[in-house]
Amino acid sequence: MNNEHSHDLFTRASRLLPGGVNSPVRAFKSVGGEPFFARRAEGAYLYDVDGNRYVDYVGSWGPMIAGHAHPQVLDAVARTMRDGLSFGVPNALEVTMAEAITRIVPSCEMVRMVNSGTEATLSAIRVARGATGRNRIVKFEGCYHGHGDSFLVKAGSGVMTLGLPNSPGVPAALADLTLTLPYNDFDAATALFAEFGAEVAGLIIEPVVGNANCILPREGYLQHLRELCTQHGALLIFDEVMTGFRVALGGAQQRYGITPDLSTFGKIIGGGMPVGAYGGRRDLMAQVAPSGPIYQAGTLSGNPVAMAAGLATLELIQEPGFHDALEQSTHALCDGLEAAAREAGVAFHTTRAPGMFGLYFREGPVEMFADALASDTGRFNRFFHAMLERGVYLAPSAFEAGFVSSAHGAAEIDYTVNAAREAFAMVRE
Ligand code: PMP
């Protein structure tokens with residue numbers, strides 16, 4: 001595989017960008033080697049600057065649920081941008097977007113658009129603290145909620161991949177206000193609330209964890225957290241930046257039948273443009289400036305081109321059967337990979353939710369963060385590179401969920417499973 005142009009670009013980038021990238025996991029630090037540079041993308045495929053083609057299971061880390069460069073999304077963007085890129089006054093598309101989100105996710109009675117998932121989660125905990133008058137936040141080991149100070153405590157995603165779950169630069173006085181729990185442990189949550197319940201402003205969770213590989217909630221677990229929060233006057237915040245509009249049209253809260261007080265979104269609602277959102281109960285959101293005193297603002301928030309891309313994507317995923325088909329493709333992929341691993345005699349396990357999956361080089365089940373950590377990352381790294389050489393791009397870390405889009409059809413999945421047969425045989429040795 002020729003990587004000449006990517007190598008040149010990475011050499012130039014490494015002189016000027018920390019690690020050669022603008023977001024850490026892209027740098028291939030944990031899997032080794034150098035990243036490839038994208039030239040373009042279409043449907044389920046990424047094409048690099050050296051002309052190599054990859055079946056893409058990262059999908060820009062989640063937004064590209066309808067496939068890359070979908071013509072309807074590109075048309076909406078092209079039409080909208082001709083009228084100007086940013087106005088700094090309200091525009092109609094922001095209203096349409098707010099109407100769409102609040103209709104699809106009924107727990108969101110009001111919503112505020114921002115520019116990233118990080119902004120959404122930062123703002124949501126500010127609302128939780130402002131509305132309750134309490135300071136403590138509860139989060140889960142291995143969950144990632146963006147790079148806000150309060151969240152870089154036992155975090156997942158790139159921080160975990162790089163072994164930096166507690167980042168320098170976060171004042172201890174602030175980090176001390178973040179309490180952490182093991183995901184899926186009922187008793188630990190009960191005990192924490194028994195001790196600190198009256199001080200907890202909010203509990204934030206990835207309802208399906210996608211930043212510590214992929215871990216599904218145990219039966220009744222999210223309900224247990226809902227009850228604890230209600231009982232102790234803490235707000236339940238679902239971080240649906242990854243799961244929103246993916247694991248069901250209405251996100252994990254629809255799939256598992258839980259009503260959070262606040263929710264955060266990103267990725268899919270921007271259709272590939274930089275977008276985030278937070279929303280929830282009207283009495284809480286009404287406390288956000290300028291209708292209330294909790295301050296949060298953004299020069300480019302509600303950007304018309306970004307709204308157009310997001311709205312076009314939301315339209316595509318509201319087609320009847322969209323999420324059922326996504327779920328079936330996810331199963332087909334994971335079943336195929338498990339069968340290929342079995343044939344090769346490699347210990348391997350997958351976890352799945354519609355449109356997202358986890359790959360583990362160990363036997364199942366995987367229900368706790370500690371189980372995820374026990375995956376053989378050396379094997380994963382070799383598998384990653386063997387797949388890459390065969391034109392399949394998996395997330396370049398053993399601690400990230402993979403994503404399937406509606407553009408991943410039988411042909412792409414068969415291609416992937418065939419590549420995996422060879423890759424598993426290589427990692428067995
Ligand atoms: N929350 C979750 C659950 C995420 O997966 C991410 C990013 N992967 C974020 C928040 C942060 O979003 P962003 O990278 O857009 O700031």
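Residue indices begin from 1 for each chain and proceed along its sequence in written order. In view of the model being predicted, local features appear only for residues whose pLDDT reaches at least 70, and side-chain atom pairs are presented and counted only at 80 or more, with totals across whole chains, interfaces and linings using the full set of residues.

A. Quick peek at the overall build of the chain. What counts as a helix is a DSSP run of H or I of at least four residues, what counts as a strand is a run of E of at least two, and both are numbered from the N terminus. Regarding its fold elements, the chain presents 15 helices and 14 strands. Taken over C-alpha atoms, the radius of gyration is set against a globule rule of 2.2 Å times the number of residues to the power 0.38. Computed over its C-alpha atoms, the radius of gyration of the chain comes to 21 Å, within 12% of the 22 Å expected for a compact globule of 429 residues. Three exposure classes are used. Buried residues have 20 or more other C-beta atoms within 10 Å of their own C-beta, exposed residues have 12 or fewer, and partly exposed residues fall in between, all C-beta atoms being placed from the backbone. The buried share among the 429 residues of the chain stands at 51%.

B. Quick look at helix 12 (residues 322-344). Here a helix's expected span is defined as the number of its residues, less one, multiplied by 1.5 Å. Over its 23 residues, helix 12 runs 33 Å from end to end, which matches the ideal 33 Å to within 8%, given 1.5 Å per residue. The set of residues buried in helix 12 consists of His 323, Leu 326, Ser 329, Thr 330, Leu 333, Cys 334, Leu 337, Ala 340 and Ala 341. We call two residues in contact when their backbone-placed C-beta atoms lie within 7 Å. Buried residues belonging to helix 12 abut strand 11 (349-353), strand 12 (356-360) and helix 15 (410-428). Two residues or fewer past helix 12, Gly 345 is found with a positive phi of approximately 75°.

C. Structural view of the packing of helix 7 (residues 186-196) against helix 8 (residues 221-232). Lines fitted to C-alpha atoms define the axes here, with helix axes fitted over just the stretch in contact, and angles between the N-to-C directions of these axes take values from 0 to 180 degrees. In contact at an axis separation of 10 Å, helix 7 and helix 8 are set at 5° when each is read in the N-to-C sense. Classified by the angle their axes make, helix 7 and helix 8 are roughly parallel. Of the residues in helix 8, those touching helix 7 at Phe 186, Ala 189, Thr 190 and Phe 193 are Tyr 221, His 224, Leu 225, Leu 228 and His 232. Under the scheme applied here, ten amino acids are nonpolar (Ala, Val, Leu, Ile, Met, Phe, Trp, Tyr, Cys and Pro), four are charged (Asp, Glu, Lys and Arg), and all others, including Gly, are polar. Residue composition of the contact of helix 7 with helix 8, grouped by class: 6 nonpolar, 3 polar and no charged. Throughout, the term roughly parallel applies to angles under 35 degrees, roughly antiparallel to angles over 145, roughly perpendicular to angles from 65 to 115, and oblique to all others.

D. Main features of the site of the ligand. Each residue receives a C-beta atom placed from its backbone. It is near a molecule or strand if this atom lies within 6 Å of it. Close contacts around the ligand come from 17 residues, with Ser 116, Gly 117, Thr 118, Gly 146 and Val 241 the closest. Per-element accounting of the shell around the ligand gives the leading share, 3 residues, to helix 4 (residues 117-132). In the shell around the ligand, the residues fall into 4 nonpolar, 11 polar and 2 charged.

E. Inspection of the sheet that holds strand 14 (residues 402-403) at higher detail. Should DSSP find at least two bridges between two strands, the strands are taken to pair. Read across the sheet, 3 strands follow the order 11-12-14 without closing on themselves; strand pairing throughout is antiparallel. Only two strands of the sheet have a single partner each, and these edge strands are strand 11 and strand 14. Here strand 12 runs beside strand 14; their pairing, made up of 2 bridges, is antiparallel. Bridge pairing in strand 14 places Met 356 opposite Phe 403. Relative to the sheet, helix 12 contacts strand 11 and strand 12, its axis offset from that of strand 11 by approximately 175°.

F. Examining the environment of Ser 375 more closely. For Ser 375, the position within the fold is in the loop between helix 13 (369-373) and helix 14 (377-389). For the pair formed by Ser 375 and Ala 188, sequence separation is 187 residues and the distance between their alpha carbons is 24 Å.

G. Looking closely at unusual backbone geometry. In this chain, Ala 289 is followed by Pro 290 through a cis amide linkage whose omega measures 5°. Looking at where Pro 290 falls in the secondary structure, it is placed in the loop between helix 10 (282-285) and helix 11 (304-317). Residues Gly 364 and Pro 365 are joined by a peptide bond in cis, for which omega reads 0°. Its place among the elements puts Pro 365 in the loop between strand 12 and helix 13. Here Trp 61, not a glycine, exhibits a phi torsion of approximately 70°, which is positive. Along the chain, Trp 61 falls in the loop between strand 3 (53-56) and helix 2 (71-81). Using a count of 20 C-beta atoms within 10 Å as the deciding quantity, one classes Trp 61 as buried. Within the chain, Lys 154 stands out as a residue other than glycine whose phi angle is a positive 50°. In this fold, Lys 154 is placed in the loop between strand 5 (136-140) and helix 5 (157-161).

H. Expanded view of the nonpolar core. If you look at the biggest cluster of nonpolar residues, it comprises 125 residues, and the most contacted ones within it are Ala 128, Leu 203, Ile 215, Leu 225, Ile 237 and Ala 277. Among the elements that line this core, the one with the most residues is helix 11, at 8 residues. Either an automatic procedure or a domain database provided the assignment from which the domain bounds are taken. A domain split of this core shows at least three residues from each of domain 1 (4-69 + 320-428) and domain 2 (71-317). Not counting the four nearest positions on each side in its chain, Leu 225 is found in contact with Ala 189, Leu 203, Ile 205 and Leu 236. To form a nonpolar core, buried Ala, Val, Leu, Ile, Met, Phe, Trp, Tyr and Cys residues must be joined through C-beta atoms within 7 Å.

I. Looking closely at the UniProt feature "modified residue: N6-(pyridoxal phosphate)lysine" (unreviewed entry) in the chain. As annotated by UniProt and renumbered to match this structure, "modified residue: N6-(pyridoxal phosphate)lysine" (unreviewed entry) occupies Lys 267. Within the secondary structure, Lys 267 is located in the loop between strand 9 (262-266) and strand 10 (276-280). Classification of Lys 267 as buried rests on a count of 28 C-beta atoms within 10 Å. Filtering out sequence-adjacent residues up to four positions away, Lys 267 remains in contact with Trp 61, Gly 62, Pro 63, Gly 117, Val 241 and Met 242. UniProt positions are given in the numbering used here, feature names are shortened, and annotations may be inferred rather than shown by experiment.

J. View of the domain arrangement of the chain. You can read the domains of the chain as domain 1 (4-69 + 320-428) and domain 2 (71-317). The C-alpha centroid of domain 2 is placed 25 Å from the C-alpha centroid of domain 1. Facing the 33 residues of domain 1 at the interface are 35 residues of domain 2. For the side of domain 1 that touches domain 2, the elements supplying multiple residues, two or more each, are helix 12, strand 11, strand 12 and helix 13.

K. Fine view of the packing of helix 2 against helix 11. Packing of helix 2 against helix 11 brings their axes to within 8 Å, and their N-to-C directions diverge by 150°. Looking at the two axes, helix 2 sits roughly antiparallel to helix 11. Helix 11 is crossed by helix 2, and the crossing has right-handed handedness. On helix 11, the residues that touch Gln 72, Val 73, Ala 76, Val 77, Thr 80 and Met 81 of helix 2 are Pro 304, Val 305, Ala 308, Ala 309, Leu 311, Ala 312, Thr 313 and Leu 316. A per-class count over the contact of helix 2 with helix 11 returns 11 nonpolar, 3 polar and no charged. Two helices that cross are described as forming a left-handed crossing if the nearer one is turned anticlockwise from the farther one by less than a right angle, and a right-handed crossing if clockwise.

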